[in-house]
Amino acid sequence: MQYRTEHDSMGEIQVPADRYWGAQTQRSFENFKIGAEKIPMEIIRAFAILKKAAAMANHRLGKLDETRLSLISAVCDEILAGKLDGHFPLAVWQTGSGTQSNMNVNEVIANRGNEIAGKKLLHPNDHSNMSQSSNDTFPTAMHIAAATEIEDSLFPALDLLISTFDRLMKENEGIIKTGRTHLQDATPITFSQEISGWKNMLEKSKEMLALSLKGLRELALGGTAVGTGLNAPKGFDTEVAKAVSELTGKEFVTAANKFHSLTSKDELVFAHGALKGLAANLMKIANDIRWLSSGPRCGLGEIFIPENEPGSSIMPGKVNPTQCEAVTMVAVQVMANDTAVGIAASQGNFELNVFMPVCIYNFLQSVRLLTDALISFNNNCVSGIRPNREKMDENLRRSLMLVTCLNPHIGYENAAKTAKKAYKENISLKEACVSLGFLTEEEFDQVFKPEAMV
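Computed from a prediction, not measured in an experiment: that's the story for all the values here. (Residues numbered from 1 in each chain as written. Predicted model: local features only at pLDDT ≥ 70, side-chain atom pairs only at ≥ 80, totals over all residues. Heavy atoms only, no water.)

Draft legend 1. Summary view of the packing of helix α10 (residues 266–292) against helix α12 (residues 356–380). Two elements in contact, α10 and α12, have axes whose closest approach is 11 Å; the angle formed by their N-to-C orientations is 30 degrees. Here α10 lies roughly parallel to α12, going by the angle between them. For the element pair α10 and α12, the recorded crossing hand is left-handed. Residues L268, A271, H272, L275, L278, A279, L282, I285, A286 and I289 of α10 form the contact with α12, whose own contacting residues are C359, I360, N362, F363, S366, V367, L370, L374 and F377. (Axes fitted to C-alpha atoms, helices over the stretch in contact; angles between N-to-C directions. Helix = DSSP H or I, 4+ residues; strand = E, 2+ residues; numbered from the N terminus. Parallel < 35°, antiparallel > 145°, perpendicular 65-115°, else oblique. Left-handed = near helix turned anticlockwise from the far one by under 90°. Contact = heavy atoms within 4.5 Å.)

See below:
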C-alpha cells in the first residue's frame, strides 16, 4: 500500500494514498481498533447535509466565498450520492463527542475539494468546519439522521403493514371466532375486530413517533463549543437551520437553548421510547399470529400463514412461523437498545454529552431493524394470512364462555354452574343448562346466539 504524509496540530502521520481522509482520521483509526461497529452511514450523510448547509449559511453571511462554497457543496453531493463511502472508516467506540468523525468528514471534504479544484483551497478546520464545532455538529447530525430515517424509511414501512391489515379486515368481515384473555377462552369477537386491534396498534405507534419528530427537528448547530456560539457569525444558527430545511425538504429549526441541545439527548430518548412502543406492539402482533397459526393439528390452527421454508433439519414436513420469530427478535433488540440510549443520554456532564456515538448507533439500528422487519413481516407473512373458518367455528362452538350471554336470563352464579357442569361432564352448554333446570330447550335457543355477542 502506498502512503502520503498528512499533518495536524500534533505533527505528521502516514495516511493511505488512495483515501481522502487526513491526519486526525488516521489517528482515530489507529487508536480505536475496537469492535466491528462503524459510524452509521446515515450519520455521514447527515454530516454532508449540515456541512453543505453551513457553507451556504457562511456564504450568505459573507464569511465564505463562492468558489469554496461550490467545492464544499460538490463534495457533499458526492457523499450523499454514496460515491465516497469507503472514506469513512471510524469506529463507534471513539471519542464520545464524535469529534473524530466530524474531522473525518471535514478532511474528506477538504482533500476531495482540493483535488477537484486542482489546488489547495480548502482547509478542514478553517473552511469545512467554519462556524462549527464537533460539539454542535455531531448532535445536529444525530437529529437530522434520526428524523429523516423515521420519516422516510420507517413511516412507509408502517403504512405498508397498516394497509395490509386494513385489507384483511375488509376481507374477513362477519367471521366470528372465540376471543381469548389470559390465554383462556373468552367471549366471541369477529376476526376483523381482532385484526383492527393490530392495525390500530401500528397507527398509534406512528402517531407517537410523529409527536417525537418535533424535538428531533431542533438543531444544535450554531452553539459551537459550549453553547455560546463562539466564532459563529450573528444569525448563523437560524440561517443554517433554514439551509438544512432547503436541502432536505423538511422543516428544521434552530434549538432555542444551545446549552440544552449540546448536553441533553432527551429528544432522542423520547423518540426511542416511541420506537420501543412500536417494538412492544410488534411483539404482541407477531405472537398473536404465531399462536393463532399454531398446529397444524395440535395447536389453535385458526389461521393459515405462508409456508416459506422447511422448519426442521430432522422432522420432515415441519414448517415454522419464522417471520414472527424474526420480528420478535427485532423487538427484543430494540428494547435492549432503549436501555443503551437512555443510559447514554443520562451521561451529559456540564456543557456536553460524551456518549453520542453509542446513542445514535443504537437509535439508528432500531429504526433500521424495525423498518426491515415491518417490510419482511408484511411481504412474507401478513399479506398471506387466511382464516381457517372451520377451525374458528369449531372452537367457537366449544367455548364455555359463550355462557356469558345467559347472565341476564339466569344470573351469573347459575351461568357459572352451567359452565362448570358442561366442562366437567364434557357436554354442551345447552345440555347443562337444561338439565339444571335453568331454561327449557326453546328458551335456550332463543337467547343463545353467539353472533349477537360481538
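Draft legend 2. Representation of the pattern of salt bridges in the model. Counted under the stated rule, the structure contains 30 salt bridges. Notably, a salt bridge pairs D166 with K170, separated by 3.1 Å at the nearest N-O pair. With D166 and K170 both in helix α6 (residues 134–171) and four residues apart, the pair spans about one turn of that helix. D338 serves as the salt-bridge partner of K276, at 3.5 Å between the closest nitrogen and oxygen. On the criterion of sequence distance, the pair formed by K276 in helix α10 and D338 in helix α11 (residues 322–345) is long-range, its members being 62 residues apart. Taken together, the salt bridges that share partners define one network made up of R60, E239, K242 and E246. (Salt bridge = Lys/Arg side-chain N within 4 Å of Asp/Glu carboxyl O.)

Draft legend 3. Focus on α11. With 24 residues, α11 ought to run about 34 Å at 1.5 Å a step, and its terminal C-alpha atoms sit 35 Å apart, in line with that. Those residues of α11 not exposed but buried are Q323, C324, V327, T328, V330, A331, V334, N337, D338, V341, A344 and A345. Its buried side turned inward, α11 meets α10, β8 (348–349), β9 (352–353) and α12. (Expected span 1.5 Å × (residues − 1). Buried < 20%, exposed > 50% of the residue type's maximum accessible area, 1.4 Å probe, protein only.)

Draft legend 4. Highlighting a negative patch on the surface. Negative charge collects at one region of the surface, where E431, E441, E442 and E443 lie side by side. No other element matches helix α17 (residues 441–447), which puts three residues into the negative patch. Turning to its location among the elements, E441 is positioned in helix α17. Taking the relative accessible area as the measure of exposure, E441 reaches 45% and is therefore partly exposed. (Patch = residues over 30% accessible without salt bridge, like charges linked within 9 Å, V, L, I, M, F, W, Y side chains within 5 Å. Areas by Shrake-Rupley, 256 points an atom, 1.4 Å probe, with all protein chains shown as cover. Lys, Arg positive; Asp, Glu negative; His and termini not counted. Charge placed at Lys NZ, Arg CZ, Asp CG, Glu CD.)

Draft legend 5. Up close: the packing of aromatic side chains. Per the counting criterion, the structure on display carries four aromatic pairs. Ring centres 6.0 Å apart and planes at 45 degrees place the aromatic pair W21 and F29 in the tilted group. On the basis of relative accessible area, W21 is assigned to the buried category, the value being 5%. One Lys or Arg, K206, reaches over the ring of F155 and ends 5.3 Å from the middle of that ring. (Phe/Tyr/Trp six-rings, centres within 6.5 Å; stacked < 30°, edge-to-face > 60°. Lys NZ or Arg CZ within 6 Å of the ring centre and 35° of its normal.)

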